[in-house]
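Examination of the molecular architecture
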Amino acid sequence: MTFGNIIGHEQQKKLLRHAFSSDKLAHAYLFSGIEGIGKRLMALALARMVFCHEGKGCGNCNACRRIDHNNHPDLHLLETNGQFIKIEQIRTLQKNLAFRPLEAPRHFVLIDQAERMHPGAANALLKTLEEPPNGTIFVLLSAHPHTLPSTIRSRCQTLPFSHLSNAEIEKVLRTQVDDEVERNILAALAQGSLSKAFGADRDFYLNTRREIFTAIARLNPASVLPMLELAPTLAPDREYAEAVTDILISCYRDLFILASRASGALVVNTDLEQELRHLSSRCSPTCASAMLDAILQCRTYLQHNVNPLLAMEWLLSRLVFQAPRKS
Ligand SMILES: [Zn+2]
């Protein structure tokens, strides 16, 4: 993986390239930004540039190839072991860094999900971050940098990564997905994250989305049981419940567009257009907007640690009972 292969993030590439070529790389970087936008790829591309025998991340030399196969002895990758990155992992790393690098000019440490460092681990890392032995370069990755101890953040140069634009995601999707409807839905739901568009979520976005929307649209205020049965399947855990709210936001945004008699060209979930049009015929713009508000409120509840099942039951009841209907 070279910088050239990474989609977007041109400013970040420029900055890192310049720092490397002028021998001004910081000893510790914090790459911040949501999951799945290329932070890790960028860190590996940087490691390749630093280790490459050609000095450019050629992709062909022994060093580049070993990084690509994740078996370079001087590239140290730390990931969560269970829920956390543990203090023992930091101690082992420190022992390794005390020796001169085996093959590369310096050690390169990549800490993924750095906010998962156990407080003890973060504390143990502080001194090493301050005076990295043997010119070691650290790159910490985090989607939640504000939860890192300020002592860690202050020792790193932060490089924020923004969401990819829809145009950037569509560019990649065009090379990989033939179906235009699928492409539009994935681009709209990926929210700037390529791993969302291509990862395990893909089936969720394309198929489960349809099932969930249809199941909710079929709920009937006269019968509570189906709603109580549906809620747990939509909220087995917080992460899943949040993903459900993402797809509902997209569907009910479409409903709002149709209820407002705005251009159907703005509708994203074109594969659900028939169901959406049917629902919108019974729903005023105010009603659709109230439903959308309820979904956003549910999302806020989930982010504030409300029990996911309770939040989902609340949402379904709002979508079924509370939202005003056209008389
Ligand atoms: Zn190379």
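Residues numbered from 1 in each chain as written. Predicted model: local features only at pLDDT ≥ 70, side-chain atom pairs only at ≥ 80, totals over all residues. Heavy atoms only, no water.

Take unusual backbone geometry next. The phi dihedral of His-9 is positive, around 55°, even though this residue is not glycine. Positionally, His-9 belongs in the segment before α1 (10–21). Owing to a relative accessible area of 7%, His-9 belongs among the buried residues under this scheme. Even without being glycine, Asn-134 reaches a positive phi, approximately 55°. (Helix = DSSP H or I, 4+ residues; strand = E, 2+ residues; numbered from the N terminus. Buried < 20%, exposed > 50% of the residue type's maximum accessible area, 1.4 Å probe, protein only.)

Glancing now at the packing of α1 against helix α2 (residues 39–51). The interhelical angle for the contact between α1 and α2, taken along N-to-C directions, is 20°, at an axis separation of 11 Å. By the criterion of interaxial angle, the relationship of α1 to α2 is roughly parallel. The handedness of the crossing between α1 and α2 is right-handed. Every residue of α2 that contacts α1 at Gln-12, Lys-13, Leu-16, Arg-17 and Phe-20 is listed here: Met-42, Leu-46, Met-49 and Val-50. (Axes fitted to C-alpha atoms, helices over the stretch in contact; angles between N-to-C directions. Parallel < 35°, antiparallel > 145°, perpendicular 65-115°, else oblique. Left-handed = near helix turned anticlockwise from the far one by under 90°. Contact = heavy atoms within 4.5 Å.)

Evaluation of the coordinates by the stated rule reveals 13 salt bridges. Between Arg-209 and Asp-271 there is a salt bridge whose closest N-O contact spans 2.6 Å. Of this pair, Arg-209 sits in helix α10 (residues 201–218) while Asp-271 sits in the loop between α12 (238–259) and α13 (273–280), and the two are 62 residues apart along the sequence. Residue class for Asp-271 comes out partly exposed when judged on its relative accessible area of 25%. Between Asp-246 and Arg-299 there is a salt bridge; the shortest N-O distance is 3.2 Å. (Salt bridge = Lys/Arg side-chain N within 4 Å of Asp/Glu carboxyl O.)

This part takes up the confidence of the model for the chain. Of all residues in the chain, 97% attain a pLDDT of 70 or more, and the chain-wide mean is 89. Considering each helix and strand of the chain separately, the mean pLDDT is smallest for helix α9 (residues 194–198), with a value of 73, and largest for strand β3 (residues 108–111), with 98. (pLDDT = per-residue confidence, 0-100.)

What the 5 strands build is an open sheet, ordered β2-β3-β4-β1-β5; its pairing is parallel. Each end of this open sheet is capped by a strand with a single partner; those strands are β2 (75–78) and β5 (157–160). Strand-to-strand twist of the sheet, defined as the mean angle between neighbouring strand axes without regard to direction, takes the value 20°. Inspection of the sheet shows strand β1 (residues 28–32) paired to strand β4 (residues 137–142) by 5 bridges, in the parallel sense. For Ser-32, the partnering residue across the bridge sits in β4 and is Ser-142. Here α1 sits on the sheet and contacts β1 and β5; the angle it forms with β5, its principal contact strand, is near 145°. (Pairing = 2+ DSSP bridges.)

In this section: the side chain of Arg-209. Overall, the relative accessible area of 1% leaves Arg-209 in the buried class. Among residues more than four places away in sequence, those in contact with Arg-209 are Ile-185, Leu-189, Phe-204, Ile-247, Cys-251, Asn-269, Asp-271 and Leu-272.

Where two cysteines share a covalent bond between their sulfur atoms, that bond is called a disulfide. Using the criterion set out here, one finds 1 disulfide in the structure. Across a sulfur-sulfur distance of 2.4 Å, Cys-283 and Cys-287 are joined as a disulfide pair. Between Cys-283 and Cys-287, the S-S dihedral sits near -95°, and the bridge is therefore left-handed. Both residues of the pair, Cys-283 and Cys-287, belong to the buried class. (Disulfide = S-S within 2.5 Å.)

Coordination of the zinc ion by the protein involves Cys-52 (SG), Cys-58 (SG), Cys-61 (SG) and Cys-64 (SG), with metal-donor separations of 2.3 to 2.4 Å. Around the zinc ion sit 4 donor atoms, and with donor-metal-donor angles ranging over 104 to 118° the site reads as tetrahedral. Motif for the zinc ion, donor spacing along one chain: C-x5-C-x2-C-x2-C. (Donors = N, O, S within 2.8 Å, 3.2 Å for Na, K, Ca; no water. Tetrahedral: all angles 85-135°; square planar, octahedral: opposite > 155°, others 65-115°.)

In terms of domain boundaries, the chain breaks down into domain 1 (3–160) and domain 2 (200–322). Look at where the C-alpha atoms of domain 1 and domain 2 centre, and you get two points 40 Å apart. (Domains from an automatic or database assignment.)

Attention now goes to the pairing of β3. With burial as the criterion, each face of β3 is covered, one bearing Phe-108 and Leu-110 and the other bearing Val-109 and Ile-111. Judged from the 4 bridges that link them, β2 and β3 form a sheet pairing that is parallel. If you follow Leu-75 over to β3, its bridge partner there is Phe-108. Taken together, β2, helix α4 (residues 87–98) and β3 constitute a β-α-β crossover, and its handedness is right-handed. By the bridge criterion, 4 bridges tie β3 to β4 in an arrangement that is parallel. Bridged to Val-109 within β4 is Phe-138. In this fold, β3 hands off to helix α5 (residues 119–130), which returns the chain to β4; that crossover is right-handed. (Right-handed = clockwise from strand over helix to strand, strands pointing away.)

A rise of 1.5 Å per residue sets the reference length of α4, with its 12 residues, at 16 Å; its end C-alpha atoms lie 17 Å apart and thus fit the reference within 8%. Along α4, the positions that sit buried rather than exposed are Gln-89, Ile-90, Leu-93 and Leu-97. Seen along its axis, α4 keeps its buried residues to an arc of 95°; they face one direction. Every exposed residue of α4 that faces more than 90 degrees away from the buried side is listed here: Lys-95 and Ala-98. Those residues of α4 that are buried lie in contact with β2, β3, α5 and β4. (Expected span 1.5 Å × (residues − 1). Arc of directions from axis to C-beta.)

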